[in-house]
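What the coordinates show
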Amino acid sequence: MYNALFYKEWVKTWKLIALATIVFGGSITYSFISITQDLRVAGAIDVWEAVIMKDLPLLPTLKWLPLLVSVLLALAQYVPEMQDKRLKLTLHLPLPESGIVLFMLSYGITILLSIYIISYIILLSGLSIWFPSEFVLSSFYTTAPWFLAGLSAYLLTTWVCLEPVWKHRIINAVFAVSGLSLFFIDARSGGYNLFIPYLLVFTVLGLLFPFYSVIRFKEGAQ
Amino acid sequence: METIIQCENITHYYGNRLIYKDLNFEVHKGKILGLLGKNGTGKTTIINILNGYLRPRSGVCRIFGEEMENLSPTTKSRIGLLLEGHIQHTYFNVQQIERYYSRFFPHWKKDAYYDLLKKLQVSTTQKINTMSCGQRSQVALGLLFAQDPELLIMDDFSMGLDPGYRRLFVEYLKDFAAEGNKTIFLTSHIIQDMELLIDDCIIMDYGRILLHQPTGYIMDNFRRFRFSADREQAVVHEKLWNTERIGNRWETYSFAPVQEVKSILETQGATDLKAEELSLEEAFIGLTGKY
């Protein structure tokens, strides 16, 4: 039965997943071309100096991409469920309701994690060709909040979408934007390192929010 | 007789507006029960309460003995649900939606779905969101027949359908019910369709059930009486419903035998009395009033 749920989510989202894969692939390719171009034109010493002394980020194009893809994925999954309250049909399936919701969330998170992890492997492997491991690790810590923001944005957008009352949706959206802004505070490299565990906890807690919206939906909140 | 649906003392408000007070009814196995009522009397509300999509202020509904908020997956598999407007997952095409639902129901009848869809001029790869309202209704109905549930709950099944599709829908439903042991609970605005279909009838008024009787009883006993009377005030009697003046004549409705109504009205100065048999729609108007 869960295979069928997977099938439903796939039909709703496969085009977006394909697009996200292309955009991530394109962005990573662009980052690599940009770095090799800088190394060729300015020379390795100048590039290294800019990264070390001026703290220039190596992968600026990736800052908003995880967030954007996550929001779009959540919209693709849950807007159709809330149109004409089709979620009633989904919750009427002969499966435990919490299991249905958890499966739908797991689907989205798995898709996002797959894209993120593959992107990370390619990025970090690519960077390690030109930069020492300290740089690569620093890039990991710099980009980690952006990817965590992606996961968090997915859960918070789901929470907003599944909320049945528009007024509450707006309040939830304001809270979501405020929460997500924590992931994008300007900081020097390494400035976020100690904060990342807290962001991780925030992201994990975000898993509970969509369930609250579904409870309100089930109660018929007006 | 086994009780399939049971609602006990349901009271519900939207804000301060009372929808029902202490609503009670039961639906027995094998019956087709129609819930009729004017707009705003809470027909969709009771469907939502029944399926656990709305928590009433008080009271409880049970389906197959389970409380509405905690229906088990097994019980859900025994219930076919048609939402108002024949809502379905319209991002699927005809084939995909059948494949999707078939995994959930052990007694899935693929042929029942495709037999119904053969009547439509659609291909199996046509997306549901490109179909007309009538075609979508047949997809929704085909899925319900393929599920082969013991209980069908249908909210305003005739909404948006032209007469041909409405008649097709009703005929298929009748055949489905005739297979035996099927219980159907439905609402509709088009009462003439219900007349062909339902065994029992609940007529809702604002805040309460006005009447819960077998359809045959209403059709056989409820009559309209037209008469002349030289009076300004309507005749008021416990056995008369919605007495009102139409032009220079009066009309009233009653379940009482013709002779009894005649004697009631003649004591009030009525003359030229005519009794008329009614369709279910006319009976509904007689019971609820025109306004």
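Note that this is a predicted model, so its numbers are computed, not measured.

Topic: a nonpolar patch on the surface
Residue and element names in this part refer to chain A. The grouping of Leu 68, Leu 72, Leu 75 and Val 79 at the surface amounts to a nonpolar patch, some 300 Å² of accessible area in total. Structurally, Leu 75 can be placed in helix H3 (residues 65–82). Note on Leu 75: relative accessible area 33%, which makes it partly exposed.

Considerations on the sheet that holds strand E2 (residues 17–28) of chain B
Residue and element names in this part refer to chain B. One open sheet accounts for 4 strands, arranged E2-E1-E4-E5; its pairing is antiparallel. Edge positions in the sheet fall to E2 and strand E5 (66–67), since each of these pairs with one other strand and no more. As judged from the 2 bridges shared by strand E4 (residues 58–63) and E5, these two strands associate in the antiparallel manner. Its bridge partner being in E5, Ile 63 is matched across the sheet by Glu 66. Against the sheet, helix H1 (residues 43–50) contacts strand E1 (3–14), E2 and E4, and its axis sits at roughly 120° relative to E1.

Thoughts on the layout of surface pockets
Leftover empty space is mapped by rolling, across the atoms, a probe with the size of a water molecule. Residue and element names in this part refer to chain A. Looking at the largest pocket, its volume works out to about 310 Å³. The wall of the largest pocket is formed by 19 residues, among which Thr 142, Trp 146, Ala 187, Arg 188 and Ser 189 lie closest to the centre. Along the lines of polarity and charge, the residues of the lining of the largest pocket split into 10 nonpolar, 5 polar and 4 charged.

Analysis parameters
Residues numbered from 1 in each chain as written. Chains lettered and ligands numbered in written order. Predicted model: local features only at pLDDT ≥ 70, side-chain atom pairs only at ≥ 80, totals over all residues. Heavy atoms only, no water. Patch = residues over 30% accessible without salt bridge, like charges linked within 9 Å, V, L, I, M, F, W, Y side chains within 5 Å. Areas by Shrake-Rupley, 256 points an atom, 1.4 Å probe, with all protein chains shown as cover. Salt bridge = Lys/Arg side-chain N within 4 Å of Asp/Glu carboxyl O. Helix = DSSP H or I, 4+ residues; strand = E, 2+ residues; numbered from the N terminus. Buried < 20%, exposed > 50% of the residue type's maximum accessible area, 1.4 Å probe, protein only. Pairing = 2+ DSSP bridges. Contact = heavy atoms within 4.5 Å. Axes fitted to C-alpha atoms, helices over the stretch in contact; angles between N-to-C directions. 1 Å grid on protein atoms, 1.4 Å probe; cavity = no way out; pocket = protein on both sides within 12 Å on 5 of 7 lines; lining within 4 Å. Points joined across faces, edges and corners; volume = space filled by probe spheres on them. Nonpolar A, V, L, I, M, F, W, Y, C, P; charged D, E, K, R; others polar.

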